[in-house]
Amino acid sequence: MLSHIKIILVETSHPGNIGAVARAMKNMAVTNLCLVSPKNFPCAEATARAAGSDDILARAQVCDSLQEAIADCQLVIGTSARGRTISWPDLTPRECAEKVVIHEPDQKVAIVFGRENSGLNNLEMDLCHFLLRIPCNPNYSSLNVAAAVQVICYELFVASGIEQPLRVGDKGESPLASAAQMESFYEHLHQALYDIGFIINPEKSKSIMRRLRRIYNRIQLDTKELDILRGILRMSQDNQAKH
């Protein structure tokens, strides 16, 4: 789905950043990495920081120039935190993702990230069709290159629609309680509250039960949760009867 997108790093000086970028890419199912004149690569530090995404490093293309890196691309998007004297058509990360994943999925795309200390120079920006800027604190707008790649790749991943819904614990294994089951529970709850002496005044009991209904209706109990609550009510009634 995202194989037509190439992440390009220009003259990265710290090998750890290359590894961190590979990890960020693999998190978001982006696999095509290209390095333009990296200061130190391959490097054990890059592999260590990749943390299991060293397959992306192993496949990474290494080029001598940005022109070589983008030669097979129809659309080139340059990232920058700095303003430019000459304006480029600009994109936000979300607009970029929609453009390259949804509207132009058949184009070979390069998303270019510059040097850690100075970004992309004007000659490199001249090779780009769009300027991509990540909105952030105007008083501190310089992102670490791996953090910037993570933001962009996340938007690409979401736009691709390939994310999987998360399952937390046993969520979804038990069906939601039916209306009839809930009414039976409310009757049981009312009787248990009466048995333990919590409800005495009939008029006040209506208000209490209405509020309890609101609580449990908001939660949307499943059948397993309902069984647990009914068991608690039965035990409280049994204990009250013994006394």
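Description of the structure in this document. In this text, all values refer to a predicted model and were calculated from it rather than measured experimentally. (Residues numbered from 1 in each chain as written. Predicted model: local features only at pLDDT ≥ 70, side-chain atom pairs only at ≥ 80, totals over all residues. Heavy atoms only, no water.)

### Points about the overall build of the protein
- Along the backbone of the protein there are 10 helices and 7 strands.
- Relative to the 2.2 N^0.38 estimate, which gives 18 Å for 243 residues, the radius of gyration of the protein is 29 Å and therefore markedly larger than a compact globule would have.
- When the backbone C-alpha atoms are referred to their principal axes, the protein occupies close to 85 × 40 × 35 Å.
- Looking at the protein residue by residue over its 243 residues, the buried ones come to 41%.
- The contacts in the protein between residues at least 6 apart in sequence include a share of 83% that link residues at least 24 apart.
- Of the accessible surface of the protein, which amounts to about 14200 Å², a share of 52% is contributed by carbon and sulfur atoms. (Helix = DSSP H or I, 4+ residues; strand = E, 2+ residues; numbered from the N terminus. Rg over C-alpha atoms; globule rule 2.2 N^0.38 Å. Buried < 20%, exposed > 50% of the residue type's maximum accessible area, 1.4 Å probe, protein only. Contact = heavy atoms within 4.5 Å. Areas by Shrake-Rupley, 256 points an atom, 1.4 Å probe, with all protein chains shown as cover.)

### Some points on the pairing of strand 6 (residues 109-113)
- Within strand 6, 5 of the 5 residues are buried, which leaves the element mostly enclosed by the surrounding structure.
- Of the two faces of strand 6, the one carrying V109, I111 and F113 and the one carrying A110 and V112 are both buried.
- As defined by bridge partners, strand 1 (residues 5-10) adjoins strand 6 across 5 bridges and the pair is classed as parallel. Opposite K6, over in strand 6, you have A110 as the bridge partner.
- Judged from the 4 bridges that link them, strand 4 (residues 75-79) and strand 6 form a sheet pairing that is parallel. Paired with V76 across the two strands is A110, which belongs to strand 6. (Pairing = 2+ DSSP bridges.)

### Brief notes about the environment of T223
- On the secondary structure map, T223 appears in helix 10 (residues 223-242).
- Between the C-alpha atoms of T223 and L75, which are 148 residues apart in sequence, the distance is 53 Å.
- Not counting residues up to four positions away in its chain, the partners in contact with T223 are S174, P175, L176, A177 and Q181.

### A closer look at the side chain of R230
- Looking at the element boundaries, R230 is found in helix 10.
- Despite its burial, R230 pairs with no opposite charge, the nearest such side chain being D227 at 6.9 Å.
- Those residues within four positions of R230 in sequence are excluded, and the remaining contacts are Q181, S184, F185 and H188. (Lys, Arg positive; Asp, Glu negative; His and termini not counted. Salt bridge = Lys/Arg side-chain N within 4 Å of Asp/Glu carboxyl O.)

### Some remarks on the nonpolar core
- Grouped together as the largest cluster of nonpolar side chains are 40 residues, with contacts concentrated most on I7, L9, L33, I111, V149 and L156.
- Here the element with the most residues in this core is helix 7 (residues 145-160); it accounts for 8 residues.
- Setting aside its immediate chain neighbours within four residues, I111 contacts I5, K6, I7, I8, I77, T79, C96, L132, I152 and L156.
- Formed by 17 residues, the second largest nonpolar core is a distinct cluster that contains V36, L66, I70 and V76. (Core = buried A, V, L, I, M, F, W, Y, C linked by side-chain atoms within 4.5 Å.)

### Here we look at the environment of L233
- Relative to the elements of secondary structure, L233 occurs in helix 10.
- Its relative accessible area of 10% is what places L233 among the buried residues.
- Along the sequence, L233 and I18 sit 215 residues apart, while their C-alpha atoms lie 59 Å from each other.
- With sequence-adjacent residues up to four places away left out, L233 is seen in contact with F185, H188, L189 and A192.

### Section: the pairing of strand 2 (residues 32-36)
- Burial of strand 2 is extensive: 5 of the 5 residues sit out of reach of the surface.
- Of the two faces of strand 2, both are covered, the one formed by N32, C34 and V36 as well as the one formed by L33 and L35.
- The pairing of strand 1 with strand 2 spans 5 bridges and is parallel. Counted as the bridge partner of I7 is L33 from strand 2.
- In the classification by handedness, the crossover that spans strand 1, the intervening helix 1 (residues 15-27) and the parallel strand 2 is right-handed.
- Pairing of strand 2 with strand 3 (residues 61-63) involves 3 bridges; the strand directions are parallel. Within strand 3, the position partnered with L35 by the bridge is V62. (Right-handed = clockwise from strand over helix to strand, strands pointing away.)

### Description of the packing of helix 8 (residues 179-195) against helix 10
- Running from N to C, helix 8 and helix 10 point in directions that differ by 25 degrees, and their axes come no closer than 10 Å. Considering their axes alone, helix 8 and helix 10 lie roughly parallel with respect to each other. Both helix 8 and helix 10 take part in a crossing whose hand is left-handed. Contacts between helix 8 and helix 10 involve Q181, M182, S184, F185, H188, L189, Q191, A192 and D195 from the first element and T223, L226, L229, R230, L233, R234, S236, Q237 and Q240 from the second.
- Among the residues making up the contact of helix 8 with helix 10, the classes are represented as 7 nonpolar, 8 polar and 3 charged. (Axes fitted to C-alpha atoms, helices over the stretch in contact; angles between N-to-C directions. Parallel < 35°, antiparallel > 145°, perpendicular 65-115°, else oblique. Left-handed = near helix turned anticlockwise from the far one by under 90°. Nonpolar A, V, L, I, M, F, W, Y, C, P; charged D, E, K, R; others polar.)

Honestly, that's just the spatial picture; any functional story needs more than this.
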